[in-house]
Amino acid sequence: MTAAGYPGVSYLRLLLMTLPQIAIAATAFLALTVDLATLRKASLRTRWRVGTLIACAGCAGAILLLFLYPQYGSFGDGMLIANPLTRVVQTALLVLAAFTALLSFDAVFTSHIGEYLAVILFATTGMMFLVASQNFLLIFISLELLSLSLYILAAFNKSSRQSAEGALKYFLFGGMSAAFLLFGISLLYGLTGSINLVEINRAIQGRPLTPMLAVALVMTVTGFGFKVAAVPFHLWAPDAYQGAPTPSGAFIASSSKVASFFVFAQVMLVGLAAGQGSGAWHNSKAGWAPVIVAVAALSMILGNLAAIVQTSVRRLLAYSAVGHAGYMLLGILAQSAWGVRALIYYVITYALAAIGAFGVLAALEAGDNVGVDEIPDLAGLSRRAPVLSFCMLIFFLSLAGIPPLAGFFGKFYLFSAALAGENSGPLWLVVLAIAMSAISLYYYLRVVKQIYVGEPAAAAPPMKISRTVTATLCVIALLVVVLGCAPNLLVGWIGSAMHLP
Amino acid sequence: MTVPLAYYLVLSAVLFSIGVAAFLIRRNIITVFLAIELMLNAVNLAFVTFAHQWRIVNGQIFVFFVMVVAAAEAAVGLAIIITIFRARNTLNIDQVDLMKL
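Every chain is numbered on its own, with residues counted from 1 as its sequence reads. Going through the entries in the order they are written, you letter the chains from A and number the ligands from 1. Residues qualify for local features only when their pLDDT is at least 70, as the model is predicted, and side-chain atom pairs are given and counted only at 80 or more; totals for whole chains, interfaces and linings, by contrast, use all residues. With hydrogens and water stripped out, all remaining heavy atoms of the structure feed into the side-chain values.

Undergrad: Could you give an account of the layout of surface pockets, naming the residues involved and the relevant values?
TA: All names here are of chain A. Computed over the protein atoms alone on a 1 Å grid, cavities are sets of points where a 1.4 Å probe fits but cannot get out and pockets are open sets with protein on both sides within 12 Å along at least five of seven lines; a residue lines them when it has an atom within 4 Å of a point. Grid points are joined across faces, edges and corners, and a volume is the space filled by probe spheres set on the points. Here the largest pocket is characterised by a volume of approximately 630 Å³. The wall of the largest pocket is formed by 35 residues, among which Val108, Phe109, Ala362, Glu365 and Ala366 lie closest to the centre. Numbering of helices and strands starts at the N terminus; helices are DSSP runs of H or I of at least 4 residues and strands are runs of E of at least 2. Breaking the lining of the largest pocket down by element, the ones donating at least two residues are α3 (44-68), α4 (84-104), α10 (236-243), α11 (246-253) and α15 (337-368). Considering every element that reaches the lining of the largest pocket, the biggest residue donor is α15, with five residues. Basically, the charged four are Asp, Glu, Lys and Arg, the nonpolar ten are Ala, Val, Leu, Ile, Met, Phe, Trp, Tyr, Cys and Pro, and anything else, Gly included, counts as polar. Grouping the amino acids of the lining of the largest pocket by side-chain chemistry returns 17 nonpolar, 12 polar and six charged.

Undergrad: Break down the pattern of salt bridges for me, with residues and values.
TA: Proximity of charged atoms lets side chains of opposite charge pair with each other. By definition here, a salt bridge exists when the distance from a side-chain nitrogen of Lys or Arg to a carboxyl oxygen of Asp or Glu is within 4 Å. In the structure shown here, the tally under the stated rule is nine salt bridges over all chains. For A:Arg314, the salt bridge is made with A:Glu365, and the minimal N-O distance between the two is 3.3 Å. Of this pair, A:Arg314 sits in helix α14 (residues 313-333) while A:Glu365 is found in helix α15, placing the two residues 51 residues apart along the sequence. One salt bridge connects B:Arg27 with B:Asp94, and the closest N-O pair in it is separated by 3.3 Å. Taken together, the residues B:Arg27 in the loop between α1 (5-25) and α2 (29-54) and B:Asp94 in the segment after α3 (58-88) connect sequence positions 67 residues apart.

Undergrad: Give a detailed account of the nonpolar core, specifying residues and quantitative values.
TA: In globular proteins that are soluble, nonpolar side chains generally tend to be buried together. Ranked by size, the top nonpolar core spans 214 residues in total, and within it A:Phe136, A:Phe396, B:Phe16 and B:Phe62 carry the most contacts. Per element, the largest residue contribution to this core is 20 residues, and it comes from α15(A). Should any heavy atoms of two residues lie within 4.5 Å, those residues are considered in contact. Other than its neighbours up to four places away in sequence, A:Phe396 contacts A:Val313, A:Leu316, A:Leu317, A:Ala357, A:Tyr444, A:Val447 and A:Val448. If you look at the next biggest cluster of nonpolar residues, it comprises five residues, including A:Met17, A:Phe75, A:Ala82 and A:Leu138. The nonpolar core is taken to be a set of buried Ala, Val, Leu, Ile, Met, Phe, Trp, Tyr and Cys residues, with the residues joined through side-chain atoms within 4.5 Å. Burial here depends on accessible area, computed with a 1.4 Å probe over protein chains only, as a share of the maximum for the residue type. Under 20% is buried, over 50% is exposed, and the range in between is partly exposed.

Undergrad: Summarise empty space enclosed by the protein; cite the residues concerned and give the values.
TA: Over the atoms, a rolling probe the size of a water molecule traces out where space has been left empty. Residue and element names in this part refer to chain A. As enumerated under the stated definition, the model contains four cavities of 30 Å³ or more in all. Taken as a whole, the largest cavity spans an internal volume of roughly 160 Å³. Forming the boundary of the largest cavity are 18 residues, of which Met17, Leu66, Gln71, Ala82 and Gln90 lie nearest the centre. When contributions to the lining of the largest cavity are tallied by element, the ones reaching two or more residues are α1 (11-17), α2 (19-38), α3, β2 (80-82) and α4. Classifying every residue of the lining of the largest cavity by side-chain character gives 12 nonpolar, five polar and one charged. Counted as a void, the second largest cavity has a volume near 50 Å³.

Undergrad: Any chance you could break down the packing of α14(A) against helix α19 (residues 427-452) of chain A for me, citing the residues and the numbers?
TA: All names here are of chain A. Note on geometry: axes are C-alpha line fits, over the in-contact stretch for helices, and angles between N-to-C directions span 0 to 180 degrees. Close contact between α14 and α19 brings their axes to 11 Å; oriented N to C, the two are set at 155°. Looking at the two axes, α14 sits roughly antiparallel to α19. By crossing handedness, the relation of α14 to α19 is classed as left-handed. Judged by residue contacts, Leu316, Ser320, His324, Tyr327, Leu330 and Leu333 of α14 engage Leu429, Val430, Ala433, Met436, Ser437, Tyr443, Tyr444, Arg446 and Val447 from α19. Considering only residue class, the contact of α14 with α19 consists of 11 nonpolar, three polar and one charged. Roughly parallel means an angle under 35 degrees; roughly antiparallel, over 145; roughly perpendicular, 65 to 115; everything else is oblique. Whether a crossing is left-handed or right-handed is set by the direction in which the near helix is turned from the far one by less than a right angle, anticlockwise for left-handed and clockwise for right-handed.

Undergrad: Help me get a handle on the packing of aromatic side chains, residues and values and all.
TA: What counts as a ring pair is set by centres within 6.5 Å for rings of Phe, Tyr and Trp (its six-membered ring), and what kind of pair is set by the plane angle: stacked under 30 degrees, edge-to-face over 60, tilted for all other angles. Applying the stated criterion across every chain yields a total of 27 aromatic pairs over all chains. Each ring, one from A:Phe29 and one from A:Phe122, has its centre 5.3 Å from the other, and the planes form 70°; the classification is edge-to-face. Taken as a pair, A:Phe29 in helix α2 and A:Phe122 in helix α5 (residues 113-130) lie far apart in primary sequence, 93 residues in all. The class for A:Phe29 is partly exposed, based on a relative accessible area of 48%. Between A:Phe224 and A:Phe264, the aromatic rings sit 5.6 Å apart at their centres with planes inclined by 20°, giving stacked as the arrangement. In this pair, A:Phe224 is assigned in helix α9 (residues 211-227) and A:Phe264 in helix α12 (residues 255-271), connecting sequence segments 40 residues apart. Each member of the pair A:Phe224 and A:Phe264 is classed as buried. The structure contains a cluster of three or more aromatic residues connected by ring pairs, namely A:Tyr151, A:Tyr170, A:Phe171, A:Phe226, A:Trp236, A:Tyr241, A:Phe358 and B:Phe33.

Undergrad: Residues and numbers for the confidence of the model for chain B, please.
TA: Each residue carries a pLDDT score, the predictor's confidence in it, ranging from 0 to 100. Considering every residue of chain B, the mean pLDDT works out to 92; 97% of them sit at 70 or more. The ipTM, which scores confidence in the relative placement of chains, is 0.96 for this predicted complex, and the corresponding pTM is 0.94.

Undergrad: Explain the packing of helix α6 (residues 136-154) of chain A against α11(A) to me, and be specific about the residues and the numbers.
TA: All names here are of chain A. It is at 9 Å that the axes of α6 and α11 come closest, and there the two elements cross at 155°. Compared by their axis directions, α6 and α11 come out roughly antiparallel. The element α6 and its partner α11 pack so that their crossing is left-handed. Across from Leu150, Leu153 and Ala154 in α6, the residues of α11 making contact are Ser248, Phe251 and Ile252. Residue composition of the contact of α6 with α11, grouped by class: five nonpolar, one polar and no charged.

Here is the structure:
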């Protein structure tokens, strides 16, 4: 598209559409400047307090802007799109970013507080753009903004050798998958002459699945499969989750999952749905369906079975995240609006439970001043920190999918969407998913059992946990319970954003 | 005499494959990092070729963004590699093995 293709670009419209992102980026610079310029001699506690306050205020302001100036339609060749659905996802991302900042409060792993919060906010800016674009150029740039910020966050604990190692593996695999994604994009561009998802879909409609198109599809799935940590592209996840400072791990496990799954679904369902070319996307199976089926099945099996043998809580969470990625692919496989609705509900509630579980670990680390990594370290926690233990119980049961917590309804909607409609995924895959959820209950309960039944080490005093962190964790746990007891609050919101009856 | 477009595409695919192979085979972290850059540049070649084929400029614009991102990636990547080197005085990827599956 040449410049002449956009007669009369409205810069006011551009400004209005990117206002929330601008607000977050400005907040990042503000946090950086305030911390470096005015708080050099202040105590760590004051710096955390000011920085967290700025970050949360920025996130709240951006949410306010999203709803005060709601935008609709698309801008510049699909570069920016705005509709009620992107607004739902962006709100979730901003809330998760604020939670991450609050959970980092009083963390001891770094003294570079301004930089840490700024990088979190830059990553959030990247994610906000990522979910609001249907153009491969902007998708690629914002994906890289997100990824580069996450590599930095994973490496943030400079005194830990594990942190650097986890970040290195994350970086190397991430760089390779970005190259694969780009190669896929370049082939799609070569086939269709466009980098706009809608136009690509129009162009590949009615064409046979040529080898070049097949390679492009596989490459694209590889690139996004890495971002969502699906087998066989999951190798970075356990090391990054274990090595990263715990609040960074919480961020990697929650927000980036939400953004990546949304853009994955967008690319697959908007951009490549007509892959095999037998009519409109709602009455034919796309050419990429077999690839996604294989990736989903492998993720479920390997993720859940590998989680059983883990002794580190964080690695356990990482492998269970791989399993959850397998379930969530069912939502894309359903190729229906119901599938997308179930996927978004699932990924948001999953992110809440995951950020909560990591948040508890972070709180324990700050309270004990030692790393809490192995499952036996948690023995008898319920007697030392009853509130945190109860929050952990809620998060783990939600991850396992026990009613009436949010995780149960997430699985319920997802599996029923995968079975419903003419485009349903294979039945055996849903059966496999249900069987694997039953297995996941075992390893989640193993941790919970240590917390409630295990004997604490002798002379373990009650822990001193920061009140901010405890309050944040209680709010997250409350959200998990409320969204489970009244799933319609969120499902209805997503559904009305998608104009579903 | 003009070179057919397919030649450029084959060259791009070959470069990309060399990059993937080097990523998997080489043991020095810097070399592995260079392999990623090679893959990105192979993609750039493909983009320019396709842009020429379609006579649309956005493929060439894409290349500029890829180069900028590659530079940013180098900054972050080299910083991480320096951290690794400070911690253990080696750049052999086989010795970066605190955590195992």
